[in-house]
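# Secondary and tertiary structure notes
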Amino acid sequence: MEATSESDSSICRLRELWGEYLLLAGGHADTEDNVYFEELKAFNAEQLHGSETQHHELHESMDAANTAFAARDVPTALKIVKEHGIAMLDHMQWEEDHVQSIVRKQLNLGIHFKIVTKSWDAIPLRDWAKTFPIAIRHLPMHGQRLKYIKAFTWVMPERAQEIGRWVYAGLGEDPMGELKWAMLVNDLPEIAIRGTGDY
């Protein structure tokens, strides 16, 4: 009975993590297709050939995993999630090989800023409010968490406290949340929420 309870708990946790992943991966893919790649194609459309196909295949596997989870077919869901993870890693490597060379060599700072702001506008604020805490909780190193937030606050300083509020709330679920928040505010005081600590 205990084993079953433990197994059920593990399955529930897996579904929670899968739900978080869907939010991040879905938003990432949508903004790439509708904003990021559209800008990059102006520089080299041929180099991005295949990106839409890869995203379509990844979305199909996410839908298949959702169907399996909904049907409580855990073995099938686990198999699909594992296969999807491998495919996603291959896709991310493909992006490193085909996309980063355009980004680093051909895009000026103004276009970078434009991509970030257009991506922000393409995703509802209610989803950003969920995305930031999830991303911050799962990034293992302080430098990674810092860089993730700075990618947005550098372009949109007016959003700093809004982002800070989301991160602060999300870290409340993290056993190390207070320490992570203190470290982030130490390096990024602009995200500190008025009325917290010395702010």
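All of the points below concern the structure found in this document. Small disclaimer: the values here were computed from a predicted structure and weren't measured.

About the thresholds
Residues numbered from 1 in each chain as written. Predicted model: local features only at pLDDT ≥ 70, side-chain atom pairs only at ≥ 80, totals over all residues. Heavy atoms only, no water. Patch = residues over 30% accessible without salt bridge, like charges linked within 9 Å, V, L, I, M, F, W, Y side chains within 5 Å. Areas by Shrake-Rupley, 256 points an atom, 1.4 Å probe, with all protein chains shown as cover. Salt bridge = Lys/Arg side-chain N within 4 Å of Asp/Glu carboxyl O. Buried < 20%, exposed > 50% of the residue type's maximum accessible area, 1.4 Å probe, protein only. Helix = DSSP H or I, 4+ residues; strand = E, 2+ residues; numbered from the N terminus. Expected span 1.5 Å × (residues − 1). Arc of directions from axis to C-beta.

### Quick look at a nonpolar patch on the surface
- On the surface, a nonpolar cluster with roughly 270 Å² of combined accessible area is contributed by Met 176, Leu 179 and Met 183.
- Note on Met 176: relative accessible area 46%, which makes it partly exposed.

### Examining helix α7 (residues 142–153)
- Between the first and last C-alpha of α7 there are 16 Å, a value that for 12 residues agrees with the 16 Å anticipated at 1.5 Å per step.
- Buried within α7 we find His 142, Arg 145, Leu 146, Ile 149, Phe 152 and Thr 153. For α7, the angular spread of the buried residues around the axis is 130°, confining them to a single face.

### A closer look at helix α2 (residues 51–70)
- For α2, spanning 20 residues, the distance from its first C-alpha to its last is 29 Å, which sits close to the expected 28 Å at 1.5 Å a residue.
- Buried residues of α2: Ser 51, Gln 54, His 55, Leu 58, Ser 61, Met 62, Ala 65, Ala 68 and Phe 69, and no others. Each buried residue of α2 lies within a common arc of 145° when the element is viewed along its axis, so the set occupies one face. In this structure, α2 carries Thr 67 and Ala 70 as exposed residues pointing more than 90 degrees from its buried face.

### A short note on the pattern of salt bridges
- With the rule as written, the count across this model stands at 9 salt bridges.
- A salt bridge links Glu 39 to Lys 114, with the shortest nitrogen-to-oxygen separation between them at 3.3 Å. Here Glu 39, found in helix α1 (residues 2–44), pairs with Lys 114, found in helix α5 (residues 109–122); they are 75 residues apart in sequence, far enough to count as distant.
- By relative accessible area, which is 13% here, Glu 39 ends up buried.
- Residue Lys 114 is classed as partly exposed on the basis of its relative accessible area, which comes to 41%.

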